[in-house]
Number of protein chains: 2
Amino acid sequence: MCQLLGMNCATPTDITFSFRGFSQRAGITSDHCDGFGIAFFEDKACRLFVDNQSAVESPIAELIRNYPIKSRNVIAHIRKATQGKINLENSHPFSRELWGRQWIFAHNGDLHDFDPVLSGRFTPVGNTDSERAFCYLLDQLVNKFGYIEPSLDQVFDLLTDISPRIAEHGTFNFCLSNGQALFSYAITKLHWLVREYPFKPAQLIDIDVEVDFSQVTTAEDRVAVITTEPLTQNEAWTAFAPGEMILFQYGKAIRHQMTHVERLIREAKDPSLKRVTKADQY
Amino acid sequence: MCQLLGMNCATPTDITFSFRGFSQRAGITSDHCDGFGIAFFEDKACRLFVDNQSAVESPIAELIRNYPIKSRNVIAHIRKATQGKINLENSHPFSRELWGRQWIFAHNGDLHDFDPVLSGRFTPVGNTDSERAFCYLLDQLVNKFGYIEPSLDQVFDLLTDISPRIAEHGTFNFCLSNGQALFSYAITKLHWLVREYPFKPAQLIDIDVEVDFSQVTTAEDRVAVITTEPLTQNEAWTAFAPGEMILFQYGKAIRHQMTHVERLIREAKDPSLKRVTKADQY
């Protein structure tokens, strides 16, 4: 299994504080040592740093802890390999260009017997279940919308339709961003919070570091942080409900939807209950 | 204009020596200060570092100079902006996934009135002539070969057909790699050399650094280096002929072809001389 960290902000913000705590879990406070990656959007483009060394030992992770790259959308991942070798092509986040934007995806969980037919438009470079799921999601977006870029709400609707069906194959918690917004989905475990005015001090759980955000922010700042396990000990983190999809934009949770996993599982067991949707195609 | 650096090797090799000299040109020995980027392949995947700071000032470039990332195929670029803003989405190298591999492209030169029809399969994220040319090349590969991955020779043949036609729009020197090999093309300026057994010392031109490669290599090592301007003062660099395409694999130039630019320019002026090829489609 792996751990996820996402950040969506109203104004470009650096993630050094959260990443400092998060990356401790790659060998010090937890054993997610099999590679790490982090993607920082700047408008439609992004910087993607990946390494198959742990985020504790990697010189690239050390750079990220110390170089304040400001971004409105960030996705990071530390890996504990369950499927696929420990090499670069299996390191999350994964990226693909679609509609003239980079799309970035990181997954926590395991999928079993998930082998959908892919069109060839997006082909996995490595051999993880995660990259296969990413390519499948993007394939479905192109199937539905062709080469005309849909709205965020349309993407959200399609994701809420497809994601629970992928989740029938195992555990499917993810963060996905196209640089405009961040889509997060959890079947088993994700937490989130929003930091906004009036800002307060925050203390990391994994390392003895505290930042008083009231000293380093303005009233316009607002930051949503999404993570597998809470990062701070003195802030109120909200757990995702099983099957909850949240759309974050401008540092706010602007849309929530429950995807009714239990119902879909019942449908899978009793085909007579099953809705017919595009996602049935795999 | 910009400067290019490519490396293709028989065994995974680090590029710290060449990059140390090359990156001096981003503000010290030359004025290519408007961003830099470098991509390192590991099999089918790659690490791509880009920054819109100069390669002299960027902490990411400093990491590259000191962190010996070993790779068989590397492409780097330092930018002096002529078209497109100085931002991340316009920083070379550009990357796309095709046939389950990353493809990496960097361009030196300017293209004018180059506005081909693109299918939508590959869409520029930024607004440079260079990324447009890359998307066009990949589009033509998919047009010709569909979702069946062609051989390197087939890719080489298509590139030698299309590249001179793009070059009719201005200056088109590039490095392109899919992790298996490196394709280089020059209309105006590229140089190359091969370092192999028996290795000798090499002295950089842009900074007072010398490495005795005989001390840090084995007989199995072989490295081809491709660059806009020679990097060392005591090695024999070969200039590309105008319109020459070279395919590098295992640290060797395994195929050369002249693309007869002059003839194509004459054809463009006198349509009755023109050959009909797939590349006429734009």
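Up top you'll find the structure we're talking about.
The rules behind each value
- Residues numbered from 1 in each chain as written.
- Chains lettered and ligands numbered in written order.
- Predicted model: local features only at pLDDT ≥ 70, side-chain atom pairs only at ≥ 80, totals over all residues.
- Heavy atoms only, no water.
- Helix = DSSP H or I, 4+ residues; strand = E, 2+ residues; numbered from the N terminus.
- Buried < 20%, exposed > 50% of the residue type's maximum accessible area, 1.4 Å probe, protein only.
- Contact = heavy atoms within 4.5 Å.
- Lys, Arg positive; Asp, Glu negative; His and termini not counted.
- Charge placed at Lys NZ, Arg CZ, Asp CG, Glu CD.
- 1 Å grid on protein atoms, 1.4 Å probe; cavity = no way out; pocket = protein on both sides within 12 Å on 5 of 7 lines; lining within 4 Å.
- Points joined across faces, edges and corners; volume = space filled by probe spheres on them.
- Nonpolar A, V, L, I, M, F, W, Y, C, P; charged D, E, K, R; others polar.
- Least-squares fit on C-alpha atoms with pLDDT ≥ 70 in both.
- Pairing = 2+ DSSP bridges.
- Axes fitted to C-alpha atoms, helices over the stretch in contact; angles between N-to-C directions.

**Details of the overall build of chain A**
Looking only at helices and strands, chain A features five helices and 15 strands. Relative to its full complement of 282 residues, chain A shows a buried share of 61%. Residue pairs in contact within chain A that sit at least 24 positions apart in sequence constitute 70% of those at least 6 positions apart. Between the centroid of the 28 positive side chains of chain A and the centroid of its 35 negative side chains there is a distance of 4 Å.

**Thoughts on empty space enclosed by the protein**
The tally for this structure, following the rule as stated, stands at four cavities of 30 Å³ or more. Its boundaries defined by the atoms lining it, the largest cavity holds a volume of some 480 Å³. As for the largest cavity, its lining consists of 30 residues, and the residues nearest its centre are A:Leu48, A:Ser95, A:Gln102, B:Leu48 and B:Ser95. Residue composition of the lining of the largest cavity, grouped by class: 16 nonpolar, six polar and eight charged. Counted as a void, the second largest cavity has a volume near 100 Å³. Of all the elements in the fold, those that place two or more residues in the lining of the second largest cavity are strand S5 (94-98) of chain A together with strand S5 (94-98) of chain B. When grouped by side-chain class, the residues that make up the lining of the second largest cavity number two nonpolar, four polar and six charged.

**Section: the relation of the copies chain A and chain B**
With an RMSD of 0.0 Å, the operation that places chain A on chain B is a rotation of 180° combined with a shift of 0.0 Å along the axis. What the superposition gives is, in effect, a two-fold axis relating one chain to the other. A share of 100% of interface residues in chain A that are also interface residues in chain B marks the association as one of identical surfaces.

**Quick notes on the sheet that holds strand S7 (residues 173-177) of chain A**
All names here are of chain A. In space, the six strands of this open sheet follow the order S5-S6-S7-S8-S14-S15, with antiparallel pairing throughout. Every interior strand has two partners, whereas the edge strands, S5 and strand S15 (252-258), have only one. Pairwise comparison of adjacent strand axes, ignoring direction, gives a mean angle of 20° for this sheet. Here S5 pairs with strand S6 (residues 101-108) via five bridges, running antiparallel. Looking at S6, one finds that leucine 98 is bridged to arginine 101. Packed on one face of the sheet, helix H3 (residues 129-145) meets S5, S6 and S7 and runs near 15° to S5.

**Re the sheet that holds S5(B)**
Residues and elements named next belong to chain B. With antiparallel pairing, the six strands of this open sheet are ordered in space as S5-S6-S7-S8-S14-S15. Every interior strand has two partners, whereas the edge strands, S5 and strand S15 (252-258), have only one. Along the sheet, successive strands turn relative to each other by an average axial angle of 20°, direction set aside. Inspection of the sheet shows strand S6 (residues 101-108) paired to strand S7 (residues 173-177) by five bridges, in the antiparallel sense.

**Considerations on unusual backbone geometry**
A cis amide bond links A:Tyr197 to the next residue, A:Pro198, at an omega of -5°. Here A:Pro198 shows up in the loop between strand S9 (191-196) and strand S10 (201-203). For the peptide bond that leads from B:His92 to B:Pro93, omega is -10°, which places it in the cis range. Summarising the element assignment, B:Pro93 is placed in the loop between strand S4 (70-79) and S5. Within the chain, B:Tyr250 stands out as a residue other than glycine whose phi angle is a positive 55°.

**Observations concerning the pairing of strand S8 (residues 182-186) of chain B**
All names here are of chain B. S8 sits mainly inside the fold: five of its five residues count as buried. Side chains Leu182, Ser184 and Ala186 project from S8 onto one buried face, and the interleaved Phe183 and Tyr185 project onto a second face that is buried too. Bridging between S7 and S8 involves four bridges; their strand directions are antiparallel. Across the sheet, the residue bridging to leucine 176 is phenylalanine 183, located in S8. What sits between S7 and S8 in their antiparallel hairpin is a turn of four residues, with glycine 179 showing a positive phi close to 90°. Here five bridges tie S8 to strand S14 (residues 244-249), and the two strands are oriented antiparallel to one another. Bridged to phenylalanine 183 within S14 is leucine 247.

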